[in-house]
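# Observations on the model geometry
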Amino acid sequence: MNRRIGRFVLEVLAMFVGCTVYASALICIMQKNGMAPGGVSGIAVMIHYVNHKIPVGVVYFAMNIPILVLGIVCLSRKFMCYTVMATMIIAGVSDVLNTLAAKGIFQLQLTDVPILAAVYGGVFMGAGIGIVMRAGGSTGGTDIIVKVIRVRNKQFRTGILYLITDILIIACSAFVFQNIEAALYAGIGSFISAKVMDLVLYGSDETKMFFIISDRYREIAKRLLVEIDTGVTYLEGHGAYTGEERRVMLCMIKKHHFSKAREIVAEEDKNAFMVISSATEVFGEGYKRHEAEDL
């Protein structure tokens, strides 16, 4: 019970941090530079631009209501509870920041250089969304739509789906702000956000897959196990030309151990046959959890 309570507290804390980072980037970087980042938040920024009396947070939460209903019907209870919490935090932090700025207590615009706004806005928004989703929720809006799509189509990566859904909204922002360059910069920010979010959710996924054939397979396997602490699997091979049975070693080597693994093989057998390829994703002990793709 204590473990479950502790995990819940950590998840809620992570969500608060992620939502605060997201809302701060939205208001202090994207909004103040006339950039709509895409999604419901981008629409909220555009509506606020048209009528400054309408708070961004209020529009953001109001537009999320029908989408939240869709999520309640299609998605899990825990996920939706966290998502409702996240949308409320984002809406609240967004309006608090704008209120403080209106009273002269807080200076919103962190930079007025468009390319810096696009880069840093994209990085922090992507990181914020990724943190919230790793905690088990989402920031609402297109997050829920993307989640519903991925429930039925797991082959699509989350960041790419965000990028697709953001294109139309960013294009509309060019007409609302009457600034094509700002929309182009917002597109850069959206692309960066998608990549950063995938990085937070899935990790760098830089793993090499080794196939090694050598008469000294025992010695090589032992050194890989001891010096790199990586697993080695023996596969049964059969030479088509020689007709000999051979042991084929299969192992997954993380990026920082790649050079060491090659060195071990070369030291043990300079004539070893070795095939190295990139593994985009690896699931299992020591790597990603199998349920990670369901985020």
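Since we're looking at a predicted model, the values are computed, not measured.

Criteria and cut-off values
- Residues numbered from 1 in each chain as written.
- Predicted model: local features only at pLDDT ≥ 70, side-chain atom pairs only at ≥ 80, totals over all residues.
- Heavy atoms only, no water.
- Helix = DSSP H or I, 4+ residues; strand = E, 2+ residues; numbered from the N terminus.
- Contact = heavy atoms within 4.5 Å.
- Areas by Shrake-Rupley, 256 points an atom, 1.4 Å probe, with all protein chains shown as cover.
- Polar contact = N/O pair within 3.5 Å; in protein donor to acceptor, adjacent residues only side chain to side chain.
- Salt bridge = Lys/Arg side-chain N within 4 Å of Asp/Glu carboxyl O.
- Buried < 20%, exposed > 50% of the residue type's maximum accessible area, 1.4 Å probe, protein only.
- Axes fitted to C-alpha atoms, helices over the stretch in contact; angles between N-to-C directions.
- Parallel < 35°, antiparallel > 145°, perpendicular 65-115°, else oblique.
- Nonpolar A, V, L, I, M, F, W, Y, C, P; charged D, E, K, R; others polar.
- pLDDT = per-residue confidence, 0-100.

With that settled, the discussion passes to the overall build of the chain. What the chain contains, in helices and strands, is 10 helices and 4 strands. Reading the chain from its N terminus to its C terminus gives the helix and strand order α-α-α-α-α-α-α-α-β-α-β-β-α-β. Relative to all contacts within the chain whose residues are 6 or more apart in sequence, the contacts with residues 24 or more apart total 73%. When the accessible surface of the chain is split by element, carbon and sulfur atoms take 63% of a total near 16,100 Å².

A few words now on the side chain of Asn98. Here Asn98 is to be found in helix α4 (residues 77-102). A polar side-chain atom of Asn98 sits 3.2 Å from a polar atom in the side chain of Gln31.

As for its position among the elements, Val40 is in helix α2 (residues 39-50). Apart from the residues lying within four places of it in its own chain, the contact partners of Val40 are Tyr60, Met63, Asn64, Ile67, Gly141 and Thr142.

Another aspect to go through is the pattern of salt bridges. Taken as a whole, this structure holds 10 salt bridges when the rule is applied. Salt-bridge contacts for Glu11 lead to Lys78; the nearest nitrogen and oxygen are separated by 3.6 Å. A residue pair is termed long-range when its members are at least 10 positions apart, and Glu11 in helix α1 (residues 2-30) and Lys78 in helix α4 qualify at 67 residues. What makes Glu11 buried here is its relative accessible area of 12%.

Our next topic: the side chain of Ser190. Following the sequence through the fold, Ser190 ends up in helix α8 (residues 180-202). Excluding its chain neighbours within four sequence positions, the residues that come into contact with Ser190 are Pro37, Leu163, Asp166 and Ile170.

With their axes 9 Å apart at the nearest point, helix α3 (residues 56-74) and α4 run at an angle of 170 degrees to one another. Taken together, the axis directions place α3 and α4 in an arrangement best described as roughly antiparallel. Residues Val56, Gly57, Val58, Tyr60, Phe61, Asn64, Leu68, Gly71 and Ile72 of α3 pack against Met80, Thr83, Val84, Thr87, Met88, Ile90, Ala91, Ser94, Asp95 and Asn98 of α4. The residue inventory of the contact of α3 with α4, partitioned by class, reads 11 nonpolar, 7 polar and 1 charged.

All right, on to unusual backbone geometry then. A positive phi is found at Gln178, a non-glycine position, where the angle reads about 55 degrees. Mapped onto the secondary structure, Gln178 falls in the loop between α7 (158-176) and α8. Residue classification places Gln178 among the exposed positions, given a relative accessible area of 72%.

This part takes up the confidence of the model for the chain. Put simply, the chain has an average pLDDT of 82, and 88% of its residues get 70 or more. Helix α5 (residues 114-134) holds the highest mean pLDDT among the elements of the chain, 90, whereas helix α6 (residues 142-152) holds the lowest, 75.

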